Structure formats: C-alpha cells, structure tokens
Amino acid sequence: MNPQQLRQYWSERPARERALLAGGALAVALVALYLFLWQPGLAASHRLSATLPKLRAQVELMRKQQAEIAVLRKNAGKVAQSGDPAGNLRVLLQSSVARAPFQKSVQRIDAPSAERATLMVGAADFDEWLRWTLEAQRETGARLERCKITALPEPGMVRAEATFAALAVAAAPKR
C-alpha cells in the first residue's frame, strides 16, 4: 500500500472510526515503547543495583591489596639494599620475635641459605602465632614458605617450625 492509497483509505473512514484507529495505533505504540525501551531499562537498572555493592567491595579489596603491595615492596627494598640478605632476614626475624608474646619460647633462628631463615618455637598460643606470622611477613618482606605446627597437651598451645623465604625466592617457581 502506497502513501496515496493510505490517505484515500483514511479519508474514506468516518470520523469516529478514524478516532478509534488512531487510538488503537497510539495504544500499540505505547505498548511497544514500554516493552522495547522502558522494561529493558528497568531490568538493566535492577541488575546494576545488584552488582554495584559487589563491585564496590572488589574496589575496596584492591585498595587494601595495593597498600599491602606497597609495604611489601618497601620492605623488600630494605632487604635487597644490604649486602647480606640472609643476615638481614635473620636479624629482621629476631627483631620481630623480640616483640612477640612468645619471645621467651623461641628455641633458635637459623639462616641455612642466603634466602631463607628457619624459626623454631617451643610453645606459643596458636592465635598469637598466627598474628605474629602475618605481621612478620609484612615487616620483613619475606613469605612463610613452610610451617609445621604441632599441638601441645595444653589447649591452644602449639610448637612451630617455620621457614621464611625472601620475596624473590618465594616468587620464583619451584623446580
């Protein structure tokens, strides 16, 4: 149907029928607008509202990790600047242990290689041990590479043997 035939068809209709056809066309247009524009927009808005808190939590986690990375890089730089990394790792661990609540039960700190230090603790509260381990890693710029924890007869008390490795060694792939 071409536009001229459409105009002729429209002009042949009585006014009441034209009003009814125009109203029907308007209703169809409104329903189409709702279904194809408004409804998808609302659905997208609801999806975004649901994912926004997750995204904000991820951003906050990334900011915390960025701060921790900066601290680790700074501490790793301190270890790398000195001439004797094994001595420094051992000294840093001794300094950290001196502030630990279980300092009197530390049996020994060995530095078997230039990149590693092993700590032996005779008796420590398990929660204090976990807190200290996390703090020691931040302070020394080293990572806990291996840890053997043995429960003691007294509740909450453990014996621990932990090996710390410098970040460069901890990041290197094992062969």
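Residues numbered from 1 in each chain as written. Predicted model: local features only at pLDDT ≥ 70, side-chain atom pairs only at ≥ 80, totals over all residues. Heavy atoms only, no water.

**Quick look at the overall build of the chain**
Line of reasoning, step 1. Each helix and strand in the chain was counted, giving five helices and four strands.
Line of reasoning, step 2. Going from N to C terminus, the chain has its helices and strands arranged as α-α-α-β-β-α-β-β-α.
Line of reasoning, step 3. At a minimum sequence separation of 6, the contacts of the chain that also span at least 24 residues come to 53%.
Line of reasoning, step 4. Of the roughly 12600 Å² that the chain leaves accessible, carbon and sulfur atoms contribute 60%. (Helix = DSSP H or I, 4+ residues; strand = E, 2+ residues; numbered from the N terminus. Contact = heavy atoms within 4.5 Å. Areas by Shrake-Rupley, 256 points an atom, 1.4 Å probe, with all protein chains shown as cover.)

**Topic: the side chain of Ser 105**
Line of reasoning, step 1. Considering the arrangement of structural elements, one finds Ser 105 in the loop between α3 (85-98) and β1 (106-110).
Line of reasoning, step 2. Within the local environment of Ser 105, its side chain forms a polar contact with the backbone oxygen of Ala 123, the two atoms lying 2.5 Å apart.
Line of reasoning, step 3. Excluding residues that lie within four positions of it along the chain, Ser 105 makes contacts with Met 120, Val 121, Gly 122 and Ala 123. (Polar contact = N/O pair within 3.5 Å; in protein donor to acceptor, adjacent residues only side chain to side chain.)

**Things to note about the pairing of strand β3 (residues 142-151)**
Line of reasoning, step 1. Note: β3 against strand β4 (residues 157-166), nine bridges, orientation antiparallel. In the strand pairing of β4, Cys 147 is matched with Ala 162.
Line of reasoning, step 2. Linking two consecutive strands that pair antiparallel, namely β3 and β4, is a turn of five residues; a positive phi of about 85° is found at Gly 156 within it. (Pairing = 2+ DSSP bridges.)

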